[in-house]
Each structure stands twice: as structure tokens, then as C-alpha cells.
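# Reading the structure
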Amino acid sequence: MIVNRRETLTGRVLLILLMVITVVPFISLFVTALHPSGTYPDGLSWPDSPQWGNFADAFRSAHMGELLLSSALIVAGVVPVSLLLGTMAGFAFGHLRMPGHRIGFLIFVLGLTLPFEGIITPLYYQIRDMGLLNTRWAIILPLIGLFMPFSVLWMRAHFVTMPEDISEAARIDGATTWQLFRSVHVPLARPALSSLAILLFLWTWNQFLLAIVLVDDPAKRTMAGALGAFQGQWGTDIPLLCAGSLLILAPTLTVFLIFQRRFVAALLQGSVKG
Amino acid sequence: MAIRSGSAPRTPAAPGRRTRRPGAWLGWLFVAPAALMYTVFVLRPLLFTVQYSFYDWNGIGASTWVGLENYTRLFTDAEQFAPILHAFELILFFSGIPVVLGLFVAATIRGIATSRLALVARTVLFLPQVIPLVAAGIMWTWLLSSTGLANELLSAVGLEGLTRAWLGDFGTALPAVGVIGAWVLVGLCTLLLLAGMSKIDPALYESARLDGAGPIREFFAITLPSLRQEIGVCVTVTVIAALASFDIVYIATQGGPGNSTMVPGLEIFYLAFSEREVGRASALAVVLVALVLVCVLPIQRFTRDGNR
């Protein structure tokens, strides 16, 4: 490719500028978190004596241990079930192609662009009537339903590319449809499944609206939901609020940095399919 | 719909010739659990949203049928309608800036796509996508506050006159919220567009250069047309993010000052759970869902046609 030097240079400068703009809010948050609590520090000034204890204070008073456990429980409830149900339906729509599969799939796809705000009001009354308000089930069950359109679409896109011959061979060996699914197709679907798991984990962990509407007790919410309560509690103590925010976004950030290649790939593909 | 499904190597399904197995209907058993969850927690509430929208109900007592009154009120009362206009203004920021900036940046860094810098950028630019929107809201609330970094920078370059509490000022609050959204989405768009560019045949560029095209001609003649699909995806994702915005606004401004940053998502939340106006909240919810469909479907059609 013919690219001249000046173009390359502008490219680098632009890219670096964009990276700086992306990172500065994080740095500002971090630096502010190190100032004495109750002060209004200036933008990016490094404190005279960094208050590392702010993180411990925020961890304690926000009951961060409890919050982590709560979010983990919600993720553990949502992600495996969504994966299983989405894979089964995606397998049927993409591979078994039973009579009427087109219409069935279309009905799922209809939910793809649905904003959560569109159903939050009746959902509240439904969850209340089910007696689940203020329990983690109030977040887990609706999220499984709300993630279904995307999960089904994602897994169907995988199964549609699977050659028929694989199944024919297994059928000749006498496999039932369930065995075919369980022992042949699920193992082959591992890459698609792990990308989907990453996306579902992220969306669950960061879910805010359902958490604040359906669960009053911050200790039973997702991390993002708890952060909302956190802001109400400490809206005026900027350094502690910043320390708390950092603690709350640290888990996703860590997971992202460890699995970043998969993350970026999954998120890019995810938006293409959505 | 999978936008790429057209290019996927699909097994030729020959419905006529394939003999239907006795267990052909069995597939529905595999769909049943997913369908159950989807019906109970999405379709059922969606139908009830439509039903509630025709009633005057405070969520506790008896409800009264009011026909289309909730809707007529929404479209005739300027204050009620404002959130919808705000949502469209946010599209300029959530969608316009990330797509234009993303195109520009992706095009200029195409040449260095394999360098270490580009690899680091891939990670860094994605950071805003990974953290909760709530956290983005808190970060930026602090940056844009009267003692925050934005004002400090303005003062440093001698523009003290411009400093203000950006999120607390009637004139700047909505654009400030828009900037937060743009910050979140610009990295996603840049990387999506870069990924699209990497699929363009380099020979096209070689021949364009031989014909004497400069970088700008090249961009409009080759890059832009080839990215039709990716641009469609960016616009779809960001328009939905703008119309259905909630988290950032809830944290950064709560809809204020006044109602200057009130968006449909937040208004639904307040109407339903603070003001106990379930009917009006539901009418707005129906309109929001319809708006998303009206905005997104043409974009999907536009990109699908480019596929042929």
C-alpha cells in the first residue's frame, strides 16, 4: 500500500489525541479519588499526600464485598440460563428448521431493538404480582427474557453455517436430536458461545434500569445499580464518590484487560449482529 | 437480523427435496423454553404497555378508560413533547459525532493499522464500552462541574469567560450530556469502521493512486462506498443508544436544569414511578418503541440493499 509519511504522521497524532480524550476522564477520577475526603480538588492536580485510604473507606462504607457477591449471583443466574436457552432455540431455528421456523424466528427478532424503558412499567407490576420485588430474581428472570432475541439471533447465525453432513452422520449412527445437539453441536459452538457469554456478562453487570426500578436494596442489585445509590449517598463528597466509582468499574475493567482480544472481537461482532 | 448473514456460507436448504422426518416438529421443543421466557418477560409486558396507554391509572386504585387522550396530550402539550425533541437532538451527538469522527480517524489510521500504536488504541478506545454507563456519567459530571477539568483547561488558555457548570446551565446541559454519549460511542464506531476498512481490497487503492487520486478523493470514491454496511451498523447502534438513553442522563442531570435534558426514557421512569401516571408513562413508552423502529428499519433496509 502506498501511504506517504505525512498521512501516517497525522494518523498517529489523531489516534493519540483520541486516546488521550478517552483516558483523561479515568485519570481525573483516579487523581480526584486520592484527595482528602470532603474537598473539591482542582481538575488534574496530584494531591500533596495521596489518600489511598479513600479506597478502603469506600470499600467498607459501600459494603463492596456484598455488592460484588450480589452482582456475581445475578450474573450466575442470567448468563448460563441465557446461553442454554439461546443455544437450544438458535439450534432449532438455524439447523433443525422445523415447519414455521421463519415466523418463529421473526417474532424473536422483533424484540431486538426494544428499549428496556418500553416495558419497564408493566414489568414492575408483573414482578410485584409474582412476589419477586426486591429479590435478585426480579433482575435475573426479566434479563433472561430480554436477552433472548439477541442470544437466539447470535446462536442461529452460528448454526446456520454448520454443514448438514455432520448431523446426517450422527443420525446414521443413531443419535437422537438431543444427543446430536448435546454431543455434536454444542462442542462445535464453543467460540460462538464464549463470545456470547462475554457480551451477556457485560450487559448484566452494567444493567442499571431494571436494578433501580425492581430492587430497592442496593445490596441486592447489580454493580451499576448499586453505583446509582452510591451517588445519592455521597454525591457531595467528591473524592469518596470517585474512589467508589473506581472500585465499582474495576471488575469489568480487569476482566476486559485480561480477555481484551476476545472482548473487542465479541463486542464488534455483537454490534454487527445487533 | 444478522446483517452479515447474506455472506455466510449457508447450507443450501432444499425444502422441496428434503424428505420431512417424522420428528420434524421436534425443533419447537428446543425453542419452547426460550419462547416461554421471551413471552412472559418481554411480549406480555409489551402488550400491557399498549393496554395501559389507553387508561388513566395511578398504579393502585381503579383505572379509567380514556381512549387516545394520553397520546393526544403527548403530542399537543409542548412540555410533554419536549423529551422526544431532546432525544432527536441527542442523536446528533450520540450518532453524528461518533460516526463522522470515527470515519475520519479510521481513514487516517488505516495506513498504520498493524503498528503497535494501533494495537494499543484498540484496547484504549474500547474502555468506555466496557464500564457501566453510570460510571461514565459520574466521571463526566465531575469533569464538567464548575471546578472540573473542562473549566480548568478553558481558564488555562485564557477563556475564563466561557467557564460554567456545563451540566447545570440551561443552554449547555443537553449538549454536555451529548458529549458524554459521544465519548462512550466514538471508540466503538472507530473500531467497527476500521474492521470494515481492513476488508477493502488494497488493489482498489493502488489503482486509485495510479489514476492520481489524492487521499480525499480516495476516501469518497472508495472507502466511503465500501463501508455502507459498517456505517449502517454504527448508525443503528448509536441511534438506539440516543433514543433510549437513560443511565447517563439519570446520573448526570436527572433531566434538569428545569426539563432541559429530559429524555423519553427518564420521563417514563418519573411518570410511572414518581408521579404514578402509569397511563401517560405507557403512552410515551409506546411512542418510544415506535420511534426506535421508525428510525432503525429504514437504516437496515438501506444497508441490506447495498449488500446485493
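Residues numbered from 1 in each chain as written. Chains lettered and ligands numbered in written order. Predicted model: local features only at pLDDT ≥ 70, side-chain atom pairs only at ≥ 80, totals over all residues. Heavy atoms only, no water.

Looking at an unreviewed UniProt entry, one finds chain B named Carbohydrate ABC transporter membrane protein 1 (CUT1 family) and attributed to Paractinoplanes brasiliensis. Quoted verbatim from the Subcellular location (unreviewed entry) field of the UniProt record, the comment on chain B reads "Cell membrane". Here is the UniProt Sequence similarities (unreviewed entry) comment for chain B, exactly as written: "Belongs to the binding-protein-dependent transport system permease family." (UniProt positions renumbered as here; feature names shortened; annotations may be inferred.)

As annotated in an unreviewed UniProt entry, chain A carries the name Carbohydrate ABC transporter membrane protein 2 (CUT1 family) and is attributed to Paractinoplanes brasiliensis. Comment text from UniProt for chain A, heading Subcellular location (unreviewed entry), reads "Cell membrane". Entered under Sequence similarities (unreviewed entry) in the UniProt record, the comment concerning chain A runs "Belongs to the binding-protein-dependent transport system permease family."

A separate point is the pattern of salt bridges. Residue and element names in this part refer to chain B. A complete count under the given rule lists 6 salt bridges over all chains for this structure. For the salt bridge of D169 with R164, the shortest nitrogen-to-oxygen distance reads 3.7 Å. By relative accessible area, R164 is classed as partly exposed at 28%. Here R280 makes a salt bridge to E277, at a shortest N to O gap of 3.3 Å. (Salt bridge = Lys/Arg side-chain N within 4 Å of Asp/Glu carboxyl O. Buried < 20%, exposed > 50% of the residue type's maximum accessible area, 1.4 Å probe, protein only.)

This paragraph deals with the environment of T113 of chain A. Positionally, T113 of chain A belongs in the loop between α4 (101-110) and α5 (120-129). Classification of T113 of chain A as buried rests on a relative accessible area of 14%. T113 of chain A sits 36 residues away from P149 of chain A along the chain, and the two C-alpha atoms are 9.1 Å apart. Apart from residues lying up to four places away in sequence, T113 of chain A is in contact with I240, V292, L293 and V296 of chain B. (Helix = DSSP H or I, 4+ residues; strand = E, 2+ residues; numbered from the N terminus. Contact = heavy atoms within 4.5 Å.)

Residue and element names in this part refer to chain B. As annotated in UniProt, the feature "transmembrane region" (unreviewed entry) corresponds to residues 25-47, 84-107, 119-143, 173-195, 231-252 and 281-299 in the numbering used here. Split by type, residues 119-143 is 92% helix and 0% strand. Its first and last C-alpha atoms lie 28 Å apart. Summarising residues 281-299: 100% helix, 0% strand, and an end-to-end C-alpha distance of 28 Å.

Let us look at the confidence of the model for chain A. Atomic detail in the predicted coordinates should be set aside for any region of low pLDDT. On average, residues of chain A carry a pLDDT of 88, and 96% of them reach 70 or more. Least confident of the elements in chain A is helix α11 (residues 223-234) of chain A, whose mean pLDDT is 76; most confident is α5 of chain A, at 96. (pLDDT = per-residue confidence, 0-100.)

Sequence positions flagged by UniProt for "transmembrane region" (unreviewed entry) are, in local numbering, residues 12-34, 67-93, 105-125, 137-155, 192-215 and 238-259 of chain A. Helix makes up 96% of residues 12-34 of chain A and strand makes up 0%, while its end C-alpha atoms are separated by 32 Å.

Right, let's get into the interface of chain A and chain B. Bring the parts together and some accessible area is lost; that lost area is often taken as the interface size. On the chain B side, the residues contacting the 109 residues of chain A number 107 residues. Together, the buried faces of chain A and chain B total about 9,400 Å²; carbon and sulfur atoms form 74% of this surface. Sorting the residues of chain A by area buried against chain B places L15, E117 and V272 of chain A first, and these three jointly supply 7% of that buried surface. At the junction of chain A and chain B, the tally comes to 0 salt bridges. The interface formed by chain A and chain B contains 13 residue pairs in polar contact (both at pLDDT 80 or more). Looking at the side of chain A that touches chain B element by element, the count peaks at 18 residues for helix α1 (residues 5-33) of chain A. When its residues are assigned to classes, the side of chain A that touches chain B shows 72 nonpolar, 25 polar and 12 charged. (Buried area = accessible area lost by both parts, 1.4 Å probe. Polar contact = N/O pair within 3.5 Å; in protein donor to acceptor, adjacent residues only side chain to side chain. Nonpolar A, V, L, I, M, F, W, Y, C, P; charged D, E, K, R; others polar.)

All names here are of chain B. Relative to the helices and strands, T236 is located in helix α10 (residues 228-243). Among the polar contacts listed, one links the side chain of T236 to the backbone oxygen of G232, at a separation of 2.6 Å. Excluding its chain neighbours within four sequence positions, the residues that come into contact with T236 are V296, I299 and Q300.

With the rule as written, the count across this model stands at 38 aromatic pairs over all chains. Geometrically, the ring pair formed by F256 of chain A and F263 of chain A is edge-to-face, given 5.4 Å between the ring centres and 85° between the ring planes. Summarising the burial analysis for this pair, F256 of chain A and F263 of chain A share the class buried. Taken together, the ring pairs in this structure connect Y124, Y125 and F208 of chain A together with F48, Y52, W57, F246, Y250, F269, Y270 and F273 of chain B into an aromatic cluster. (Phe/Tyr/Trp six-rings, centres within 6.5 Å; stacked < 30°, edge-to-face > 60°.)

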